[in-house]
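Remarks on the overall topology
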Amino acid sequence: MDTIETQGISLPRLGLGTYRMQGTVCREAVESALALGYRHIDTAEMYANEDAVGAALAAAGVPRQELHVTTKVWPENLAPDAIRRAFDTSLRKLRLDFVDLYLVHWPVKGMNLPAALETLMALKEQGRTRAIGVANFTVALLKQAVEEIKAPIACNQIEYHVMLDQSEVMRYMAARAIPLVAYCPLAQGRAASDETLIAIGRKHNAGAAQVALKWLLDQKGVAAIPKAARKESQQANLDALKLQLDDEDRKLIAALPKDKRFVNPGFAPDWD
């Protein structure tokens with residue numbers, strides 16, 4: 001599978017998102033994905049499924065060096081001591097000696113970003129995470145992280161799909177060679193029923209969701225982590241990699257409205 005090189009790690013372009021999957025459902029989904037060839041698994045402290053992910057990783061027996069595992073620290077734990085405790089808990093639940101990528105999950109007003117990122121950098125120095133990054137960061141916050149704090153940001157994980165324009169933050173990230181990891185890459189399932197995407201898919205003997213996913217993965221520096229509990233959906237996402245979209249397809253997709261945001265937690269601050 002294609003990878004993106006960033007801050008010393010190889011990030012597989014297509015991963016498995018596990019948000020809202022817990023217990024046996026999550027464990028079986030991760031086991032299924034690994035059996036199909038997925039090597040990028042995304043989880044978080046907040047998802048309350050790191051133990052299920054860890055059980056699946058242990059059962060699958062995939063060599064550790066072949067795996068990429070991302071987890072994240074929740075805003076309430078952004079003080080240095082709390083980060084270290086949260087990280088220790090995540091590592092224990094995942095049954096791993098290290099993770100590949102550790103992210104600040106959400107920015108919040110009043111956070112001490114320098115202290116938080118310096119703690120993540122210390123974990124990286126200790127070899128407990130191979131790389132660090134952020135999620136849901138705006139351009140202003142990325143500038144603070146990269147230009148002021150000088151943190152080696154390996155990615156910014158944000159909502160991105162055919163229905164949402166992220167060109168402003170993408171311009172900054174591209175200039176700094178920071179990959180974008182797209183969550184909700186299928187617009188929380190809405191891509192599958194979009195008439196334009198259905199028509200493009202029909203032309204290529206593919207599904208609308210596959211078209212939406214390939215559109216993302218065709219972009220330089222973009223990875224995607226669609227959530228898929230069923231083996232059939234996981235395989236369909238893998239098969240999307242084989243699609244060859246043409247200029248006409250991309251023109252039609254570019255014309256779609258790009259103002260639909262589906263993840264906007266109430267606690268998330270207004271940074272404008």
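Keep in mind it's a predicted model, so treat the numbers as computed, not measured.

Moving on to the overall build of the chain. Tallying secondary structure elements over the chain gives 10 helices and 10 strands in all. The C-alpha atoms of the chain give a radius of gyration of 18 Å, which matches the 19 Å a tight globule of 272 residues would have. Dimensions of the chain along its principal axes, counting C-alpha atoms only, are 55 × 45 × 35 Å. Expressed as a percentage of its 272 residues, the buried residues of the chain come to 55%. Taking the contacts inside the chain whose residues are at least 6 apart along the sequence as the reference set, 74% of them involve residues at least 24 apart. For the chain, the exposed surface amounts to about 12200 Å²; the carbon and sulfur share of it is 47%. Charged side chains of the chain number 33 positive and 33 negative; the gap between the two group centres comes to 1 Å.

Bringing the sheet that holds strand β9 (residues 180-183) into the picture now. Read across the open sheet, the 8 strands follow the order β3-β4-β5-β6-β7-β8-β9-β10; overall the sheet is parallel. Sheet topology places β3 (16-17) and β10 (222-224) at the edges, where each strand pairs with a single neighbour. Here 4 bridges tie strand β5 (residues 68-73) to strand β6 (residues 101-104), and the two strands are oriented parallel to one another. Of the residues in β6, the one forming a bridge with T71 is Y102.

Along a regular strand, successive side chains alternate from one face of the sheet to the other. Burial analysis of strand β8 (residues 153-159) places 7 of its 7 residues in the buried class, the great majority of the element. With 3 bridges connecting them, strand β7 (residues 132-135) and β8 associate as parallel partners. Bridge pairing in β8 places A135 opposite Q157. Handedness of the crossover is the feature at issue here: the chain leaves β7, passes through helix α5 (residues 139-148), returns alongside β8, and the resulting connection is right-handed. As paired strands, β8 and β9 are joined by 4 bridges and run parallel to one another.

On to the nonpolar core, then. One recurring pattern in soluble globular proteins: nonpolar side chains tend to sit buried together. Formed by 80 residues in total, the largest nonpolar core has its most connected members in Y102, L117, L197 and I253. L103, W106, A131 and V263 belong to the second largest nonpolar core, which has 17 residues in total.

Turning our attention to the layout of surface pockets. Considering only enclosed or pocket space, the largest pocket measures out at about 730 Å³ in volume. Every residue lining the largest pocket is counted, 33 residues in all, and those nearest its centre are Y19, C184, P185, Q188 and K227. Only α8 (208-217) and α9 (231-239) provide two or more residues apiece to the lining of the largest pocket. Among the elements that make up the lining of the largest pocket, the one with the highest residue count is α9 (3 residues). Considering only residue class, the lining of the largest pocket consists of 20 nonpolar, 10 polar and 3 charged.

In this section: the confidence of the model for the chain. Residues at a pLDDT of 70 or more form 97% of the chain, whose mean pLDDT is 95. Confidence over residues 266-272 falls short of pLDDT 50; this stretch has 15 contacts with residues more than four positions distant or in other chains.

The next thing to look at is the packing of aromatic side chains. What the rule picks out here adds up to 3 aromatic pairs. Considering the side-chain rings of Y19 and Y47, the 5.1 Å spacing of their centres and the 45° angle between planes classify their relative orientation as tilted. Placement of the pair is Y19 in the loop between β3 and α1 (23-36) and Y47 in the loop between β4 (40-42) and α2 (50-60), with a sequence separation of 28 residues. On the basis of relative accessibility, which here comes to 9%, the residue Y47 falls in the buried class. Positioned above the aromatic ring of F98, the side-chain terminus of R64 is 4.1 Å from the ring centre. In this arrangement the basic side chain of R190 is found over the ring face of F262, its NZ or CZ atom lying 3.9 Å from the centre.

Definitions and limits used
- Residues numbered from 1 in each chain as written.
- Predicted model: local features only at pLDDT ≥ 70, side-chain atom pairs only at ≥ 80, totals over all residues.
- Heavy atoms only, no water.
- Helix = DSSP H or I, 4+ residues; strand = E, 2+ residues; numbered from the N terminus.
- Rg over C-alpha atoms; globule rule 2.2 N^0.38 Å.
- Buried < 20%, exposed > 50% of the residue type's maximum accessible area, 1.4 Å probe, protein only.
- Contact = heavy atoms within 4.5 Å.
- Areas by Shrake-Rupley, 256 points an atom, 1.4 Å probe, with all protein chains shown as cover.
- Lys, Arg positive; Asp, Glu negative; His and termini not counted.
- Charge placed at Lys NZ, Arg CZ, Asp CG, Glu CD.
- Pairing = 2+ DSSP bridges.
- Right-handed = clockwise from strand over helix to strand, strands pointing away.
- Core = buried A, V, L, I, M, F, W, Y, C linked by side-chain atoms within 4.5 Å.
- 1 Å grid on protein atoms, 1.4 Å probe; cavity = no way out; pocket = protein on both sides within 12 Å on 5 of 7 lines; lining within 4 Å.
- Points joined across faces, edges and corners; volume = space filled by probe spheres on them.
- Nonpolar A, V, L, I, M, F, W, Y, C, P; charged D, E, K, R; others polar.
- pLDDT = per-residue confidence, 0-100.
- Phe/Tyr/Trp six-rings, centres within 6.5 Å; stacked < 30°, edge-to-face > 60°.
- Lys NZ or Arg CZ within 6 Å of the ring centre and 35° of its normal.

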